[in-house]
Amino acid sequence: AQSVSQHNHHVILSEAASLELGCNYSYGGTVNLFWYVQYPGQHLQLLLKYFSGDPLVKGIKGFEAEFIKSKFSFNLRKPSVQWSDTAEYFCAVGSGGYNKLIFGAGTRLAVHP
Amino acid sequence: KAGVTQTPRYLIKTRGQQVTLSCSPISGHRSVSWYQQTPGQGLQFLFEYFSETQRNKGNFPGRFSGRQFSNSRSEMNVSTLELGDSALYLCASSHTEARSNEQFFGPGTRLTVL
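Residues numbered from 1 in each chain as written. Chains lettered and ligands numbered in written order. Predicted model: local features only at pLDDT ≥ 70, side-chain atom pairs only at ≥ 80, totals over all residues. Heavy atoms only, no water.

Chemist: Help me understand the overall build of chain A, please; the structure alone is not making it clear to me.
Modeler: Counting its secondary structure elements, chain A contains 0 helices and 12 strands. Order of helices (α) and strands (β) in chain A, N terminus to C terminus: β-β-β-β-β-β-β-β-β-β-β-β. Taken over the C-alpha trace, chain A has a radius of gyration of 13 Å; the compact-globule value for 113 residues is 13 Å, and the two agree within 12%. With the C-alpha coordinates aligned to their principal axes, the bounding extent of chain A is approximately 40 × 25 × 20 Å. Counting across all 113 residues of chain A, residues that qualify as buried make up 47%. Averaging the coordinates of the 9 positive side-chain charges in chain A and doing the same for the 7 negative ones gives two points 7 Å apart. (Helix = DSSP H or I, 4+ residues; strand = E, 2+ residues; numbered from the N terminus. Rg over C-alpha atoms; globule rule 2.2 N^0.38 Å. Buried < 20%, exposed > 50% of the residue type's maximum accessible area, 1.4 Å probe, protein only. Lys, Arg positive; Asp, Glu negative; His and termini not counted. Charge placed at Lys NZ, Arg CZ, Asp CG, Glu CD.)

Chemist: Before we go on, may I ask you to explain the environment of Gln38(A) in this structure?
Modeler: Mapped onto the secondary structure, Gln38(A) falls in strand β5 (residues 32–38). Of the residues examined, Gln38(A) reaches a relative accessible area of 12% and is grouped as buried. When residues no more than four places from it in sequence are discounted, the contact partners of Gln38(A) are His43(A), Leu44(A), Ala87(A), Glu88(A), Phe90(A), Gln37(B) and Leu88(B). Polar contacts involving the side chain of Gln38(A) include one to the side chain of Gln37(B), which spans 3.1 Å. (Contact = heavy atoms within 4.5 Å. Polar contact = N/O pair within 3.5 Å; in protein donor to acceptor, adjacent residues only side chain to side chain.)

Chemist: Explanation requested: the packing of aromatic side chains in the structure shown.
Modeler: For any pair of aromatic rings, geometry is given as the distance between the ring centres together with the angle between the planes. All names here are of chain B. Applying the stated criterion to the full structure yields 14 aromatic pairs over all chains. Ring geometry for Phe 60 against Phe 64: centres 5.2 Å apart, planes inclined by 65°, an arrangement best described as edge-to-face. The pair Phe 60 / Phe 64 is uniform in exposure class, with both members buried. (Phe/Tyr/Trp six-rings, centres within 6.5 Å; stacked < 30°, edge-to-face > 60°.)

Chemist: Looking at this structure, I do not really get the sheet that holds strand β8 (residues 74–78) of chain B. What am I missing?
Modeler: Strand pairing in a sheet relies on backbone hydrogen bonds. The paired strands run either parallel or antiparallel. Residue and element names in this part refer to chain B. Reading across from one edge, β1-β3-β8-β7 is the order of the 4 strands in this open sheet, with antiparallel pairing throughout. Edge positions in the sheet fall to β1 (5–7) and β7 (64–68), since each of these pairs with one other strand and no more. Each adjacent strand pair in this sheet contributes to an overall mean axis angle of 20°, direction not counted. Sheet topology places β7 next to β8; 5 bridges connect them, and they run antiparallel. Residue pairing for β8: Gln 68 is matched across the bridge by Ser 74. (Pairing = 2+ DSSP bridges. Axes fitted to C-alpha atoms, helices over the stretch in contact; angles between N-to-C directions.)

Chemist: Where do I start with the interface of chain B and chain A in this structure?
Modeler: A common way to report how large an interface is uses the accessible area buried once the components associate. With 20 residues of chain B at the contact, the number on the chain A side is 19 residues. Between chain B and chain A lies a buried interface of about 1800 Å² when both sides are counted; carbon and sulfur atoms form 52% of it. Contact with chain A buries surface across chain B, with Leu43(B), Asn101(B) and Phe105(B) losing the most and accounting together for 33% of the total. Counting every contact that joins chain B to chain A gives 1 salt bridge. Taken together, the links from chain B to chain A amount to 4 residue pairs in polar contact (both at pLDDT 80 or more). Listing elements by their share of the side of chain B that touches chain A, those giving two or more residues are β4 (31–38), β5 (42–50), β6 (53–57) and β9 (87–94) of chain B. With 4 residues, β4(B) is the single largest residue contributor to the side of chain B that touches chain A. The residue inventory of the side of chain B that touches chain A, partitioned by class, reads 7 nonpolar, 9 polar and 4 charged. (Buried area = accessible area lost by both parts, 1.4 Å probe. Salt bridge = Lys/Arg side-chain N within 4 Å of Asp/Glu carboxyl O. Nonpolar A, V, L, I, M, F, W, Y, C, P; charged D, E, K, R; others polar.)

Here it is in structure tokens:
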């Protein structure tokens, strides 16, 4: 069965620090990869996605992620975080034509001014 | 374009009751998926409907069911509610033709079972 592992459950950073959130998945076939963000009191929003092509994908708000097929990883990065990035971040994997996403447990990010 | 809408936003029920949640997808999206979000289990896939047919189902008991109407709106039903069913229930819609799994989420219905 597919699974998604997010390495950090809670991350605390100061503004301007760099961010990297780890995500590994277990599935041998073709996958589509996503990072979603859930700001306090808001619904899940898509940060970025990878379907094929360039393994370095850029998303909204300065986020980017790199797909490393050999490591089954899709880590999220941001060079300089802001207080407004405080949120919960979810990595998700989808495969095939059915719209079923497998989510990681999520990482709560707190950014202090 | 309007986003995914879910009604009601909040619901309080007691054990043993049943509940129906509603989801209206983004216009033109024919696939609707449902997820349960809890602090302990995270986000878990319930089921997906496309063209009024259930295409995929997660690992939930038969008390959880759903349906989709010809206008793509979807409902999910939970019968004989248990305390553990307290959760945020999320609906997501997808553009039919893409096999990209990209889904757009609604705000959710927060169900509290007392």
